[in-house]
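As a plain string of letters, each chain reads:
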Amino acid sequence: MNQLQFVASISERDVLRYTPAGVPIVSATLTHSSQQVEAGVNRLTEFEITAFAAGEISGRFSRAELGAAHQFTGFLAKKSRSSKALVFHIIDFSAAA
């Protein structure tokens, strides 16, 4: 199963655009920071990840508040066939509690 869920803020976001097939898409950079326990030791985890919201959710994502914390659900995939870089594809998101 390829499913990822985490809380992050939208640190950068491009304008809504359309693919050649007419699918609306928005790309962004998400920023995460949290404390995790690994092998009994607290560890600060921080990362930035490139993300895409495509289709129906792209409109709502393009209006989401920059810098606010959201809970994201989606999956990871290669940026392109020949790339080794991963991109997070947003399936759903909501305001973080």
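Note that the coordinates shown come from a computational prediction; the quantities given were computed from them, not determined experimentally. (Residues numbered from 1 in each chain as written. Predicted model: local features only at pLDDT ≥ 70, side-chain atom pairs only at ≥ 80, totals over all residues. Heavy atoms only, no water.)

## As for the overall build of the protein
Worth spelling out the cut-off: Numbering of helices and strands starts at the N terminus; helices are DSSP runs of H or I of at least 4 residues and strands are runs of E of at least 2. Burial classes follow relative accessibility: with a 1.4 Å probe on protein chains only, a residue under 20% of its type's maximum area counts as buried, one over 50% as exposed, and anything between as partly exposed. It only takes one pair of heavy atoms within 4.5 Å for two residues to be counted as in contact. Per-residue and other accessible areas were derived by the Shrake-Rupley procedure at a 1.4 Å probe size, with only the shown protein chains allowed to occlude residues.
Of regular secondary structure, the protein possesses one helix and six strands. Secondary structure elements in the protein, listed N-terminal to C-terminal, are β-β-β-β-α-β-β. Along the first, second and third principal axes, the C-alpha atoms of the protein reach 50 × 35 × 20 Å. Per-residue burial for the protein yields a buried fraction of 33% across its 97 residues. If you take every contact in the protein between residues at least 6 apart in sequence, the share linking residues at least 24 apart comes to 53%. With an accessible surface of roughly 6,500 Å², the protein has 52% of that area assigned to carbon and sulfur atoms.

## Comments concerning the side chain of Thr-73
Using the following cut-off: Under this definition, polar contacts are N or O atom pairs within 3.5 Å; protein pairs additionally need one hydrogen-donor-capable and one acceptor-capable atom, and for neighbouring residues in sequence, both atoms have to be side-chain atoms.
As for its placement among the helices and strands, Thr-73 is situated in strand S5 (residues 69-78). Within the structure, the side chain of Thr-73 is placed 3.0 Å from the side chain of Gln-5, a separation counted as a polar contact. When sequence neighbours within four positions are dropped, the list of residues in contact with Thr-73 reads Gln-3, Leu-4, Gln-5, Phe-88, His-89, Ile-90, Ile-91 and Asp-92.

## Focus: the packing of aromatic side chains
Cut-off, in case you're wondering: When two rings of Phe, Tyr or Trp (its six-membered ring) have centres within 6.5 Å they constitute a pair, described as stacked for plane angles under 30 degrees, edge-to-face for angles over 60, and tilted for the intermediate range.
Tallied over the full model, the rule gives six aromatic pairs. Aromatic pair Phe-72 and Phe-93: ring centres 5.8 Å apart, planes at 20°, arrangement stacked. With Phe-72 in strand S5 and Phe-93 in strand S6 (residues 86-95), this pair connects stretches of sequence that are 21 residues apart. Comparing Phe-72 with Phe-93 shows no difference in burial state: the two are buried. Chaining the aromatic ring pairs together yields one cluster made of Phe-6, Phe-47, Phe-61, Phe-72, Phe-88 and Phe-93.

## Examining the nonpolar core
Filter applied, for reference: Definition used in this section: a nonpolar core is a set of buried Ala, Val, Leu, Ile, Met, Phe, Trp, Tyr and Cys residues joined via side-chain atoms within 4.5 Å.
Ile-10, Leu-30, Phe-61, Phe-72, Phe-88, Ile-90 and Phe-93 are the most contacted members of the largest nonpolar core, which totals 16 residues. Elements represented by at least two residues in this core include exactly strand S1 (4-13), strand S3 (24-38), strand S4 (41-54), helix H1 (57-62) and S6. Sequence-distant contacts of Phe-61, defined by excluding residues within four places in its chain, comprise Ile-10, Arg-13, Val-26, Ala-28, Leu-30, Ala-53, Phe-72, Ile-90 and Phe-93.

## A look at the environment of Leu-86
Take Leu-86: it is sitting in strand S6. Remark: the alpha-carbon pair of Leu-86 and Ala-64, spanning 22 residues in sequence, is separated by 23 Å. With sequence-adjacent residues up to four places away left out, Leu-86 is seen in contact with Leu-76, Ala-77 and Lys-78.

## Comments concerning the pairing of S4
Heads up, the condition is: In this analysis, strands are considered paired if DSSP registers two or more bridges between them.
As judged from the 14 bridges shared by S3 and S4, these two strands associate in the antiparallel manner. Its bridge partner being in S4, Ile-25 is matched across the sheet by Ala-54. If you look at the hairpin formed by S3 and S4, you'll find two residues sitting between the two strands, and Ala-39 has a positive phi there, around 55°. Bridge count between S4 and S6: three bridges; the pairing is parallel. Within S6, the position partnered with Phe-52 by the bridge is His-89.

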